[in-house]
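Coordinate inspection notes
Spelled out from the first residue to the last, the chains are:
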Protein chains: 2
Amino acid sequence: MPRINALPSLALMRSFEAAARHESYTMAAEELGVTQGAVSRQVRELEAAIGVTLFRRVGRAVRLSKAGRALREELAGDLERLSGTINRAIAAGDGATLLTMAVLPTFATRWLVPRLADFKASHPEIVLDLHSYTTPFSLEERRVDVAIHFGHDDWPGAALRKLFPEHLVVTAAPALVGSAGLDEKQDVFDLPLLHLTSRSEQWSDYHDSLGLGARAVFPGMRFDQFSMLIEGAVAGLGAAILPSYLIEAELASGALVEIGQVANVSGSAYYVAFPTGQKNEAVQVFSDWLIKQSKHRRSAG
Amino acid sequence: MPRINALPSLALMRSFEAAARHESYTMAAEELGVTQGAVSRQVRELEAAIGVTLFRRVGRAVRLSKAGRALREELAGDLERLSGTINRAIAAGDGATLLTMAVLPTFATRWLVPRLADFKASHPEIVLDLHSYTTPFSLEERRVDVAIHFGHDDWPGAALRKLFPEHLVVTAAPALVGSAGLDEKQDVFDLPLLHLTSRSEQWSDYHDSLGLGARAVFPGMRFDQFSMLIEGAVAGLGAAILPSYLIEAELASGALVEIGQVANVSGSAYYVAFPTGQKNEAVQVFSDWLIKQSKHRRSAG
DNA sequence: GACATCCATGAGCTTTAGTCACAGAAAAGA
DNA sequence: TCTTTTCTGTGACTAAAGCTCATGGATGTC
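Residues numbered from 1 in each chain as written. Chains lettered and ligands numbered in written order. Predicted model: local features only at pLDDT ≥ 70, side-chain atom pairs only at ≥ 80, totals over all residues. Heavy atoms only, no water.

1. Quick word on the domain arrangement of chain A
All names here are of chain A. Partitioning chain A into structural domains gives domain 1 (10–90), domain 2 (95–158 + 272–295) and domain 3 (168–262). Computed from C-alpha atoms alone, the centre-to-centre distance between domain 2 and domain 3 is 29 Å. Taken together, the seven residues of domain 2 in the interface contact ten residues of domain 3. Here domain 2 and domain 3 share an interface that buries about 750 Å² over both sides, 54% of which is from carbon and sulfur atoms. Looking only at domain 2, the three residues that lose the most surface to domain 3 are Thr-106, Arg-110 and Thr-134, adding up to 66% of its buried area. Linking domain 2 with domain 3 are two salt bridges, by the criterion used here. Across the pair Arg-110 and Glu-250 runs a salt bridge whose closest N-O atoms are separated by 2.8 Å. Our enumeration of links across domain 2 and domain 3 arrives at five residue pairs in polar contact (both at pLDDT 80 or more). Partitioned by chemical class, the residues of the side of domain 2 that touches domain 3 number four nonpolar, two polar and one charged. (Domains from an automatic or database assignment. Contact = heavy atoms within 4.5 Å. Buried area = accessible area lost by both parts, 1.4 Å probe. Salt bridge = Lys/Arg side-chain N within 4 Å of Asp/Glu carboxyl O. Polar contact = N/O pair within 3.5 Å; in protein donor to acceptor, adjacent residues only side chain to side chain. Nonpolar A, V, L, I, M, F, W, Y, C, P; charged D, E, K, R; others polar.)

2. Considerations on the interface of chain A and chain B
Between chain A and chain B, the residue contacts involve 44 residues of the former and 44 residues of the latter. Together chain A and chain B conceal approximately 4000 Å² of surface at their shared face, both sides included; 60% is due to carbon and sulfur atoms. Taken together, the links from chain A to chain B amount to eight salt bridges. The interface formed by chain A and chain B contains twelve residue pairs in polar contact (both at pLDDT 80 or more). Within the residue set of the side of chain A that touches chain B, elements represented by two or more residues are helix 1 (10–22) and helix 4 (66–92) of chain A. Per-element accounting of the side of chain A that touches chain B gives the leading share, 17 residues, to helix 4 of chain A. (Helix = DSSP H or I, 4+ residues; strand = E, 2+ residues; numbered from the N terminus.)

3. Digging into the relation of the copies chain A and chain B
The two chain copies are connected by a rotation around an axis plus a translation along it. Least-squares fitting of chain A to chain B yields an RMSD of 0.2 Å, with the transformation described by 0.2 Å of translation along the axis and a rotation of 179°. Such a combination of rotation and displacement between the chain copies is what one expects of a two-fold axis. Interface overlap between copies: 100% of the residues of chain A at the interface are likewise at the interface in chain B, consistent with a symmetric, same-surface contact. (Least-squares fit on C-alpha atoms with pLDDT ≥ 70 in both.)

4. Considering the protein's contact with DNA strand C
In the vicinity of DNA strand C lie 20 residues, with Thr-26, Arg-41 and Arg-57 of chain A together with Thr-35 and Gln-42 of chain B positioned nearest. Backbone atoms, meaning sugar and phosphate, make up 60% of the atoms of DNA strand C lying within 4 Å of the protein. Here a phosphate oxygen of DNA strand C sits 2.9 Å away from a polar atom, N or O, in the main chain of Tyr-25 of chain A. A distance of 3.1 Å separates a phosphate oxygen of DNA strand C from a polar side-chain atom of Glu-45 of chain B. Mapped by element, the contributors of at least two residues to the surface near DNA strand C are helix 2 (25–32) and helix 3 (36–50) of chain A together with helix 3 (36–50) of chain B. When residues in the surface near DNA strand C are grouped by element, the largest group, five residues, is from helix 3 of chain A. Split into classes, the residues belonging to the surface near DNA strand C amount to four nonpolar, nine polar and seven charged. (Near = heavy atom within 4 Å.)

5. Quick word on the protein's contact with DNA strand D
Contacts to DNA strand D come from 19 residues, most closely from Thr-35 and Gln-42 of chain A together with Tyr-25, Thr-26 and Arg-41 of chain B. Within 4 Å of the protein, the contacting atoms of DNA strand D are 60% sugar and phosphate, with bases supplying the remainder. At 3.5 Å from a phosphate oxygen of DNA strand D is found a side-chain nitrogen or oxygen belonging to Glu-45 of chain A. Thr-26 of chain B places a polar side-chain atom, nitrogen or oxygen, 2.2 Å from a phosphate oxygen of DNA strand D. Listing elements by their share of the surface near DNA strand D, those giving two or more residues are helix 3 of chain A together with helix 2 (25–32) and helix 3 of chain B. With five residues, the single largest contributor to the surface near DNA strand D is helix 3 of chain B. Of the residues assigned to the surface near DNA strand D, the class counts are three nonpolar, nine polar and seven charged.

Following this line, the structure appears as structure tokens:
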């Protein structure tokens, strides 16, 4: 029986949060679309309500007090969470089930999203809410029903179902290597190399796999998403190691040329992950569908 | 830049949450201290705001719709979280630093709280916010700065500092065993045995340690807090295995008699735990103090 | 020293949140 | 079957909250 009594109104909290973020009532007012006076009042009212000085008035400016800073840090997260809850309810609408998922951005744009029409057709009652992520996170912390995971079967607190392994190819634009490719595979190391932030040892591993020994570091541009890496490679910025399933179209059209292959020695693969003890049955439905999709090839798209 | 626009007002969400919990506007109104009509309006307004039917009106009653149930589950947590944030800000007040900690209830009442006067005297600027827990949890999920952990150095995502190991003794009220104790240690197994929910194998381990072989199960009352177990043992409900530091007073007064000892073979101990990457400096101050306290004995209290 | 910029605040307006009183519908009980 | 009770829904109205506007005061800036 959670007694939620006497919470200050949302308007007060929103005003404070914005004011704290900008350390300026005027800018907060602008962001919120109200007058500066309104923000000034709201903040004072909140201070009165909780009996804490949130801002120090120094000169003509306002500065967050220590207590104010502590409150803002928590409050910002809480409000965002609340806002997410409401927005998800709106998105799900009547009768529908909402499935919130965390996805790897390029996996989503190039593989998942093109297939979603099929999912929607067979399960119109499930509304998806996709969030991309580039760094690891915990499933409970973010409120996510399902996540796409790349790596190994080692996510604490999560149940994993394997989708498919990854087949990596070394590629470059024909402008860099000619449409026939390189004479010798190792010549790629004379080209500029493009890197994915989260997989920094990839070139080093490839170097090693060609019997050239392991070299610790390779310079070159870094991108945190495959989509950028792909566009970079197509634009002739350098050679890139890319999963073949992401560049079917580019290989078919000749925008990229394959100049080597990388053996999947690590056994890394794509997985569907969901919190153990998940009760949302849409999770089951969706992950079944995903696995079915992963089994049959699809005309490049 | 989290745009939190057009959130329905807190009053709407509170009304909905209460109405959903009771599945009755009348009772919700009573809880919130407003009229039934107000709740009816608020819920309708929320439904209009998010475009979702939250209640089905069946007969003279209201029932949560599927969407309503989903929303309530999330919303209840969000509101509680928000309420916690505000209440902590109020508790901390001006200038003070708040330290939220999760404690084992009996550890807190018998060991920690009696020593807190000392902490408060030396660090008046740190306000403590204690929450007891009896089941494992993740530090980030609940927003806790510090936790007292019993067991091993194995809490994922947490940094641990050891406080002290636990010394377990087998005890019973003198009414059960006489003030001189038992003739033979194993005679304790003829007495009713009291259990701590979270340590179900304790009697079995003790049985084994006396060279009597491991027996899988022992019947007997179960309690989820040591404090209950202690009172149960004092009241003569049965024999109990208890940490000596919790029952110094009872042993001294003769309310409990020691009838055996348990070797700490598992190496379990008490730890201070805090999220890795913790920046709140009060955490450091508090855990230093805790460790200092754990080193010097204290007159039984 | 004049100016611009920002926060504070009194007066007044608008919207929101709630009360009151009663209507309508459906269970419960006689 | 016919009350009676117990819900929710709603029109009319009131109180309060939330804002705006206009202006004053303080403090940097050029």
